[in-house]
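Here are the chains, one letter per residue:
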Amino acid sequence: METEPIVVVPEGQELSTKTPPILKRFTETPLEREESSLDANDAESKNIGPAGRHFNAGVESLRRGEWAASIAEFTKAIDLLPTYSPAWNNRGVARELSGDEEGALGDILAALDASGDNSAAWNNRGLQLLRYRDFIGALQAFDEAILLSPLYARPRFHCGLVRSYQGDLAGAVKDFQEALRLDPTMEDAKRELEALLG
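Cut-offs used in this document
- Residue numbering note: each chain is counted from 1, following its sequence as written.
- With the structure being a predicted model, the display of local features is reserved for residues of pLDDT at least 70 and the display and counting of side-chain atom pairs for 80 or more, all residues being used for whole-chain, interface and lining totals.
- With hydrogens and water set aside, each side-chain value is computed from the structure's full complement of heavy atoms.
- Secondary structure elements follow DSSP: runs of H or I of four or more residues count as helices, runs of E of two or more count as strands, with numbering from the N terminus.
- Given a helix with a known number of residues, its expected span is that number minus one, times 1.5 Å.
- Partly exposed residues are those whose accessible area sits between 20% and 50% of the maximum for their type, while under 20% is buried and over 50% is exposed, using a 1.4 Å probe and protein chains only.
- In what follows, salt bridge is the name for a side-chain nitrogen of Lys or Arg lying within 4 Å of a carboxyl oxygen of Asp or Glu.

J.: I keep staring at helix α7 (residues 119-131) and nothing clicks. Help me out?
T.: Working note: α-helix, 3.6 residues per turn, so residues spaced by three or four point in the same direction. Across its 13 residues, α7 extends 19 Å between first and last C-alpha, which sits within 8% of the 18 Å expected from 1.5 Å per residue. The buried fraction of α7 amounts to 12 of the 13 residues, a majority that puts the element mostly inside the structure. Within α7 the residues assigned to the buried category are Ser119, Ala120, Ala121, Asn123, Asn124, Arg125, Gly126, Leu127, Gln128, Leu129, Leu130 and Arg131. With its phi angle positive at about 60°, arginine 133 sits one or two positions after the end of α7.

Written out as structure tokens, the structure reads:
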């Protein structure tokens, strides 16, 4: 039995049947993968063992756009190490890219269950919540990502998008400026800031 997603609309605003441009950006923003930082000589890689090798292979498959292959590699990593949060997160990304939104939702939640300190998974959870127009939940997820990784620019940018949509233009400007301070090459933050400041 399918249920309608819970929609949280900011107080004083009405839900439109037409998707506003900023919400369209939310629905078109892909989840973000965690990059491989493991090599054969890395101490962390030795602790993760074969799961790390499958994770790396999954990341390479994601880069090539091979969704089924990346899902298979991340699944192998998860089977070997069920608490490997980055593998859950990246499998969720691959599933979403392959059109399996329900599987992506489950994997991002599993990533957070495996490790609540995975900032990329919190950022992706925020993006998922935006698709259901749960702005409060999304901001909370982005704030958690920022708390865990203060130098991670994407969740700050996403907070700016939410605040802009909610009409908190001063908050949005602050978020976009902070995202650009953290990552001066972030073109989408530059565009949003320019649009707000004119």
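J.: Quick question: what am I supposed to make of the pattern of salt bridges here?
T.: Close approach of charged atoms lets side chains of opposite charge pair. A full pass over the atoms with the stated rule returns 12 salt bridges. Residue aspartate 107 is joined to arginine 95 by a salt bridge in which the shortest nitrogen-to-oxygen separation is 3.3 Å. On the criterion of sequence distance, the pair formed by aspartate 107 in helix α6 (residues 101-114) and arginine 95 in helix α5 (residues 85-97) is long-range, its members being 12 residues apart. We classify aspartate 107 as buried; its relative accessible area is 2%.

J.: I'm lost on helix α8 (residues 135-148) in this one. Help?
T.: With 14 residues, α8 should reach 20 Å at 1.5 Å per residue; the first-to-last C-alpha distance of 20 Å fits that figure. Phe135, Gly137, Ala138, Leu139, Ala141, Phe142, Ala145 and Ile146 are the residues of α8 that are buried.

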